[in-house]
Amino acid sequence: MRLKARKYIVVLGSLMSGLGKGILAASVAKLLQSRGLKISPIKFDGYLNVDCGTMNPFRHGEVFVLDDGTECDMDFGTYERFLNVDLSSKNSITGGKLFRNIIDKERKGGFLGRDVQIVPHLTDEIKNWIRKTGEEQDADVVIVEVGGTVGDLENGYFLEAVRQLASEEKVVFIQLTFVPSLSEGELKTKPTQHANRLIQSMGIHPDFIVCRGNEPLSREARDKISMFCNVPPQNVLDDPALESIYELPQVLEKQGMTGLLLSALGAEAGEEDLKDWKALVERIKNPKKEIAVAITGKYTAVKDAYVSVKEALVHAGAQHSAKVNVRWVETSGIEDGQASAKELLSGCDGIIVPGGFGSRGTEGKIACIKYARESKMPYLGLCYGMQMAVVEWARNVCGMDGANSTEINPDTKYPVIDFLPEQRGIKEKGATMRLGAWECRLKKGTKAYEAYGTEKISERHRHRYELNNAYRQKLEESGLVISGTSPDGEIVEIIEWPDGFGIGTQAHPELKSRLERPAPLFAAFVKACLEKKKG
Ligand code: GLN
């Protein structure tokens, strides 16, 4: 069932960041999608970067990549994983993109005779963007998540734009808040009341207030928030800590959110169809088996940097009714001689070396890969992890002593991983890597082919280096299997070990993994780990 007129929902954060606005927005979207509506999620990030490409994942979390090569905030991963849709650059609005558009337009004479102002020029640009995206994506409902929190200086003009939008279209506002408790049972609603006043002072009236907290939201707290913030008590919802984020849609649904939202939007929709989703959540919550997987990496301290890898393991685990316990392994200890790969990986059923840049910890990673290959521990190398598997193979199987990637050692005697030719002249850093979805052809009879079950695949990329074709023949002659290449055969996309389960992919298959559609290589990897554990 489709809506006659497009509706809008705006999700605002209040009090503090990190409350899970993205997961809330995605869950609300999922609920509406489960009623047969078409949803277009948009996120606004106020920073002046054009995109996330140049940000450090250590500070900002993972850089997520879309099919069209857009490098964006990790919330886009959450939307795609919940909604099982492919988004585009249109879904990501940043302060940088907005100002760039406006200034470009001004230079071209787009505002001749006028002084260019935040209101109306920038606010019009925002409203047009939101409307156009809804139109182009044929959405029934556009859900706009405003990054950061209300009160952040860099969000001011955006909030003004959505305030205006609300007088032109049907817009429902959701305020996400935190309700702390000082001692058990003593929930404090005052911070929420103040935050709500701040929002109201901007001319925006939240229709729903969703509360995070350390304790379940009490009747008393709900009534207080309702009274002081001018919302009916049933529109004050509890967003409790959950075992699995994928449970949130049904937790909100139990509180009647979809019906309330539809009536606030003035919309009717079909029957709920969350059956398959709930079955998958059930599998996550009640696994039948368990495995431990080591993930090595420079950013092990900030797990947000690898959120897609973690989630892809959840999806693959759910497919096999298995819980995947992740063990984060910092490999620099191996280089300092404080630990061995064997010690660090003991008790693990498989190992993943994920994407990465620079040289810190690489020798430790290579030592882990060697250990996995020799002990037939299932291995999955993602982008950098594929490159390091090639280096390990070249050194220890092909006898190319000191082989390396030129990213790590530009003077290596055996540059088995080197710049992609088109990368050589590039000086600018923003959006200049080989980005987005690229096609790959798989070789029949390989493990990769078995995992995907098809010859033609497409996965997302983000890299500057590749397997150096000058060494391809030597590597193959020594037994390394090249199981996937670009359609023209020029770029090696997937390699695998001839024995055991060891696959390295130049792509990031984790970026396309969804709960309802796990990434094939992750599913195959988890299966191999389960088999290895069973012995
Ligand atoms: N640093 C490597 C490259 O640029 C790998 C990148 C990655 O893992 N995303 O090719």
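As a starting point, this report considers the structure included with it. (Residues numbered from 1 in each chain as written. Predicted model: local features only at pLDDT ≥ 70, side-chain atom pairs only at ≥ 80, totals over all residues. Heavy atoms only, no water.)

1. Observations concerning empty space enclosed by the protein
- For the coordinates displayed, the defined rule picks out two cavities of 30 Å³ or more.
- For the largest cavity, the calculated volume is near 60 Å³.
- Counting only elements with at least two residues in the lining of the largest cavity, the list comes to α16 (384-396) and β17 (456-463).
- Lining the second largest cavity, in full, are Val179, Leu187, Cys211, Arg212, Gly213, Glu215, Pro216, Leu217 and Asp238. (1 Å grid on protein atoms, 1.4 Å probe; cavity = no way out; pocket = protein on both sides within 12 Å on 5 of 7 lines; lining within 4 Å. Points joined across faces, edges and corners; volume = space filled by probe spheres on them. Helix = DSSP H or I, 4+ residues; strand = E, 2+ residues; numbered from the N terminus.)

2. So, unusual backbone geometry
- That bond from Val119 to Pro120 is cis: its omega, 10°, falls within 30 degrees of zero.
- Here Pro120 lies in helix α5 (residues 118-136).
- Positive phi, close to 75°, is recorded for Leu15, a residue that is not glycine.
- Among the structural elements, Leu15 can be located in the loop between β1 (7-13) and α1 (21-33).
- For Leu15, a relative accessible area of 39% corresponds to the partly exposed category. (Buried < 20%, exposed > 50% of the residue type's maximum accessible area, 1.4 Å probe, protein only.)

3. Examining the side chain of Arg434
- For Arg434, the position within the fold is in strand β16 (residues 434-442).
- Beyond its immediate stretch of four places on either side in the chain, Arg434 contacts Leu420, Glu422, Gln423, His461, Arg462, His463, Ile491 and Glu493. (Contact = heavy atoms within 4.5 Å.)

4. Overview of the site of the ligand
- Around the ligand sit Gly355, Gly356, Phe357, Cys383, Tyr384, Gln387, Glu407, Arg462, His463, Arg464, Tyr465 and His508, and those are all the residues in its vicinity.
- In this structure, a nitrogen atom belonging to the ligand sits 2.8 Å away from a main-chain N or O atom of Arg462.
- Arg464 places a main-chain nitrogen or oxygen 2.9 Å from an oxygen atom of the ligand.
- Out of a free accessible area of 300 Å², the ligand has 99% covered by protein chains.
- When atoms are counted within 2 Å of each cavity's grid points, the one that captures over half of the ligand is the largest cavity.
- Broken down by secondary-structure element, the contributors of at least two residues to the shell around the ligand are α16 and β17.
- Within the shell around the ligand, the residues separate by chemical class into four nonpolar, five polar and three charged. (Near = heavy atom within 4 Å. Polar contact = N/O pair within 3.5 Å; in protein donor to acceptor, adjacent residues only side chain to side chain. Areas by Shrake-Rupley, 256 points an atom, 1.4 Å probe, with all protein chains shown as cover. Sits in = over half its atoms within 2 Å of the grid points. Nonpolar A, V, L, I, M, F, W, Y, C, P; charged D, E, K, R; others polar.)

5. Focus on the packing of aromatic side chains
- Scanning all chains against the criterion turns up 12 aromatic pairs.
- Relative to Tyr79, the ring of Phe76 lies with its centre 5.6 Å away and its plane at 75°, an arrangement referred to as edge-to-face. Of this pair, Phe76 and Tyr79 both sit in helix α3 (residues 75-83), three residues apart, which is roughly one turn of the helix. The same class applies to Phe76 and to Tyr79, which are both buried.
- Seen in terms of ring centroids, Phe419 and Tyr465 are 4.7 Å apart; in terms of plane orientation they differ by 10°. Their pairing is stacked. Here Phe419 is found in strand β15 (residues 415-419), whereas its partner Tyr465 is found in strand β18 (residues 465-467), with 46 residues between them in sequence.
- Looking at Phe419, the relative accessible area reads 27%, which means it is partly exposed.
- A residue is classified by how much of its surface remains accessible, and Tyr465, at 12% relative accessible area, is buried.
- One aromatic cluster in this structure is built from Phe44, Phe99, Tyr157 and Phe158. (Phe/Tyr/Trp six-rings, centres within 6.5 Å; stacked < 30°, edge-to-face > 60°.)

6. Observations regarding the layout of surface pockets
- Empty space within the second largest pocket amounts to approximately 670 Å³.
- If you trace the second largest pocket, you find 32 residues lining it, with Gly53, Gly356, Phe357, Met433 and Arg462 closest to the centre.

7. Considering the side chain of Arg514
- Following the sequence through the fold, Arg514 ends up in the loop between β21 (502-505) and α19 (520-534).
- Here the side chain of Arg514 touches Asn84 through a polar contact of 3.2 Å, side chain to side chain.
- The contacts of Arg514, once residues within four sequence positions are left out, are Glu80, Arg81, Asn84, Val85, Asp86, His315 and Arg460.

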